[in-house]
Amino acid sequence: MNTVDQGVREKKLAALGSVGSAVILVSLKAFLAVATGSLGILSEMMHSVLDLVAAVITYLSVRVADKPADADHLYGHGKVESFSAFVETGLLLITALYIIYEALRRLFLHEIHLHPSVTAIVVLLAAMGIDVVRSRALSRVARKYPSEALQADALHFSTDVWSTFVVVIGITAAWLGQKFGIPWLGYTDAFAALAVAGVIIWIGGRLGKQTLDALLDVAPSGLRERIEEAAGAVDGVLSIDRVRVRRAGQRHFVDVTISVPRTATLEQAHATSDAVEQRISQIVPSDVVVHLEPRAPTGENLFDTIRAVAQKHGLPVHELSAHMFDGHLFIELHLEVDEKASLTEAHRSATELEDDIRRATDPHALINIHIEPLGAQIAGAEEMRDLGRAVQQFLGTLQSEYNEMADCHEVHVRSVDHKILVSCHCAMPGNLPVTEVHDVTAALEDRVKEKFPQIFRVTIHPEPVEER
């Protein structure tokens, strides 16, 4: 049996045990109320009758609340428990009002006719014992598997403990009054009933506020701040724009809107979203929905801004460079467009990109965009082994000029669409700065093309000597 099924079973057994206990208590107190004529015991019996009704409601609500979500209840059935607890609160308050009315009526309008006895006191103490056992059992299950309905039932039985204790005091005082001829002690029964009503109103008010908050989707105190703090600490989150929390039964539903760098890829943004969901789920059992908003981070550099603008247009760019020229910002980049596009179409995309880059960076910037086709097809290639060996030998002779280069290997020369392409690996010290490595590879590429004019393009992959 998995944990979820075990939890449902324990909750049902606890609720069913509550029903059984309530039946026993109603029977005992009804007998005592008739035998003694005590208003305190009568009020306790009325309290227990409503407890029985509430226990039945709790049992039914627990059975329904744990049903999974369906086509008509997309957030599950957890609210049934909150509604059940709210109904129980109403029943408690109605009981309290009746007890107050009857107590005042007996105090001011009628004589008191009581028949207290030691037997009644003993039976009431036994009822207290039942209340204590059931209250603790229900509280334990309600804490283990958070349940508003079981918590409300536990509160009912805990109020019974104190109210029964007050009634025991009242009936004992009445018994002593009759035994020793002190008539005014008979009034303690009515005052005990008023004390019971006060306890019921106090506990019922607390429970009512809690269940009403759940029905109105009031977020638990401090939970929103804890979620904001946890989500804001996740790498890749720039800010938390909004957090909304609602609760249904023992589960919370959290909607959070976060800002992420606009240059982040879809995979990076999704990973950030997953991390936020996991962090929130560690705080509270919840169903989390994360909405992402792309934002420019504080201090975003010029190149990231340009990439973000191009990404917004869905245009791949590379070979970005920028410098100040004659008092103006000069930007160059390569733009890849559909290889089937006409020059007019490609130029229109480049012009729109230029305008947006100026708006995002400098309105007076000079921009030069090199347009090239976006590779979308895999072409056939023919290996040119003799030329490959010649290129590798030539690169070997350049080691004396370029001390950074340890060796060149994996040299391949291919003929693709009537163009000769060269690729190779060159090993260099791993502690060299990338800028210096790039300068060396660019110089090597130029030297190869100078030596072999028939070559269209040379691509060198640098790798650290230590990892060879």
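Residues numbered from 1 in each chain as written. Predicted model: local features only at pLDDT ≥ 70, side-chain atom pairs only at ≥ 80, totals over all residues. Heavy atoms only, no water.

A. Geometry of the environment of Ala 406. Locating Ala 406 in the fold gives a position in the loop between helix H11 (385-397) and strand S8 (407-416). A relative accessible area of 33% places Ala 406 in the partly exposed class. Taking C-alpha positions, Ala 406 is 9.4 Å from Pro 464, a pair spaced 58 residues apart along the chain. Those residues in contact with Ala 406 that lie beyond four places of it in its chain are Gln 399, Ala 427 and Val 465. (Helix = DSSP H or I, 4+ residues; strand = E, 2+ residues; numbered from the N terminus. Buried < 20%, exposed > 50% of the residue type's maximum accessible area, 1.4 Å probe, protein only. Contact = heavy atoms within 4.5 Å.)

B. Just the nonpolar core, in detail. If you look at the biggest cluster of nonpolar residues, it comprises 24 residues, and the most contacted ones within it are Val 391, Leu 395, Cys 426, Leu 444, Val 448 and Ile 455. Counting only elements with at least two residues in this core, the list comes to H11, S8, strand S9 (419-428), helix H12 (434-451) and strand S10 (455-464). With 5 residues, S9 is the largest single contributor of residues to this core. Judged by nonpolar contacts, the second largest core, of 18 residues, contains Leu 124, Met 128, Val 167 and Val 168. (Core = buried A, V, L, I, M, F, W, Y, C linked by side-chain atoms within 4.5 Å.)

C. Just the sheet that holds strand S5 (residues 328-338), in detail. Taken in spatial order, the 3 strands line up as S4-S5-S6 in an open sheet, and their pairing is mixed. Lying at the two open borders of the sheet, with one neighbouring strand each, are strand S4 (317-325) and strand S6 (366-374). On average, each strand axis in the sheet is tilted by 15 degrees relative to the strand beside it, whichever way the strands run. Judged from the 9 bridges that link them, S5 and S6 form a sheet pairing that is parallel. Note on S6: the bridge partner recorded for His 334 is His 370. Sheet contacts for helix H9 (residues 302-313): S4 and S5; angle to S4, the most-contacted strand, approximately 135 degrees. (Pairing = 2+ DSSP bridges. Axes fitted to C-alpha atoms, helices over the stretch in contact; angles between N-to-C directions.)

D. Region of the structure containing H11. Between the first and last C-alpha of H11 there are 19 Å, a value that for 13 residues agrees with the 18 Å anticipated at 1.5 Å per step. For H11, the set of buried residues is Leu 387, Gly 388, Val 391, Phe 394 and Leu 395. Buried residues of H11, seen end-on, are gathered within an arc of 125 degrees and therefore sit on one face of the element. Among the exposed residues of H11, those oriented more than 90 degrees off its buried face are Arg 385, Asp 386 and Gln 393. Packing partners of the buried residues in H11 comprise S8, S9, H12 and S10. (Expected span 1.5 Å × (residues − 1). Arc of directions from axis to C-beta.)

E. How the structure looks around the packing of H9 against helix H10 (residues 343-360). One can describe the packing of H9 onto H10 by two numbers: an axis separation of 10 Å at closest approach and a directional angle of 140 degrees. By the angle between their directions, the pair H9 and H10 is classed as oblique. Seen along the crossing, H9 lies across H10 with a hand that is right-handed. On H10, the residues touching Thr 305, Ile 306, Val 309, Ala 310, Lys 312 and His 313 of H9 are Glu 352, Leu 353, Asp 356, Ile 357 and Ala 360. (Parallel < 35°, antiparallel > 145°, perpendicular 65-115°, else oblique. Left-handed = near helix turned anticlockwise from the far one by under 90°.)

F. Looking closely at the packing of aromatic side chains. Enumeration over the complete set of coordinates arrives at 1 aromatic pair. Against the face of Phe 456 rests Lys 419, its NZ or CZ located 4.7 Å from the ring centre. (Phe/Tyr/Trp six-rings, centres within 6.5 Å; stacked < 30°, edge-to-face > 60°. Lys NZ or Arg CZ within 6 Å of the ring centre and 35° of its normal.)

G. Expanded view of a nonpolar patch on the surface. Together, Trp 162, Phe 165 and Ile 169 line one region of the surface with nonpolar side chains, adding up to about 340 Å² of accessible area. Residue position: Trp 162 is located in helix H5 (residues 148-180). (Patch = residues over 30% accessible without salt bridge, like charges linked within 9 Å, V, L, I, M, F, W, Y side chains within 5 Å. Areas by Shrake-Rupley, 256 points an atom, 1.4 Å probe, with all protein chains shown as cover. Salt bridge = Lys/Arg side-chain N within 4 Å of Asp/Glu carboxyl O.)

H. Representation of helix H8 (residues 266-283). With 18 residues, H8 ought to run about 26 Å at 1.5 Å a step, and its terminal C-alpha atoms sit 26 Å apart, in line with that. For H8, the full list of buried residues reads Ala 269, Thr 272, Ser 273, Val 276 and Ile 280. What you see down the axis of H8 is that its buried residues fit within an arc of 100 degrees, all on one side. Facing away from the buried surface of H8 by more than 90 degrees, the exposed residues are Glu 267, Gln 278 and Gln 282.

I. Region of interest: the pattern of salt bridges. Going through the model one piece at a time under the given rule, you end up with 12 salt bridges. Between Glu 300 and Arg 262 there is a salt bridge, and its shortest N-O distance comes to 2.7 Å. Here the residue Glu 300 occupies a position in the loop between strand S3 (286-295) and H9, and Arg 262 occupies one in the loop between strand S2 (251-261) and H8, the gap between them amounting to 38 residues. You can call Glu 300 buried: its relative accessible area is 19%. On the basis of relative accessibility, which here comes to 29%, the residue Arg 262 falls in the partly exposed class. Note that Asp 386 and Arg 389 form a salt bridge whose closest N and O atoms lie 2.3 Å from each other. Of the two residues, Asp 386 and Arg 389 both sit in helix H11, 3 residues apart, roughly one turn of that helix. Each of Asp 241, Glu 293 and Arg 295 takes part in salt bridges that share partners, so that together they form one network.

J. Broad picture of the environment of Val 309. Following the sequence through the fold, Val 309 ends up in helix H9. Measuring from C-alpha to C-alpha, the distance between Val 309 and Ile 357 comes to 6.5 Å, with 48 residues separating the pair along the chain. The residues contacting Val 309, other than those within four sequence positions of it, are Leu 353, Asp 356, Ile 357 and Ala 360.

K. Expanded view of the state of the cysteines. Considering all chains together, one arrives at 1 disulfide under this definition. For Cys 408, the disulfide goes to Cys 426, at an S-S distance of 2.3 Å. Looking down the S-S bond of the Cys 408 and Cys 426 bridge, the torsion is 90 degrees, so its handedness is right-handed. Of this pair, Cys 408 sits in strand S8 while Cys 426 is found in strand S9, placing the two residues 18 residues apart along the sequence. By the burial criterion, Cys 408 is buried, and Cys 426 matches it. With no disulfide partner, Cys 424 has as its closest neighbouring cysteine sulfur the one in Cys 426, 4.2 Å distant. (Disulfide = S-S within 2.5 Å.)

L. Region of interest: unusual backbone geometry. Residues other than glycine seldom take positive phi values, yet Glu 319 does so here, at roughly 55 degrees. Take Glu 319: it is sitting in strand S4. According to the relative accessible area criterion, Glu 319 is exposed, its value standing at 53%. Residue Glu 410 is not a glycine yet carries a positive backbone phi of 50 degrees. Mapped onto the secondary structure, Glu 410 falls in strand S8.

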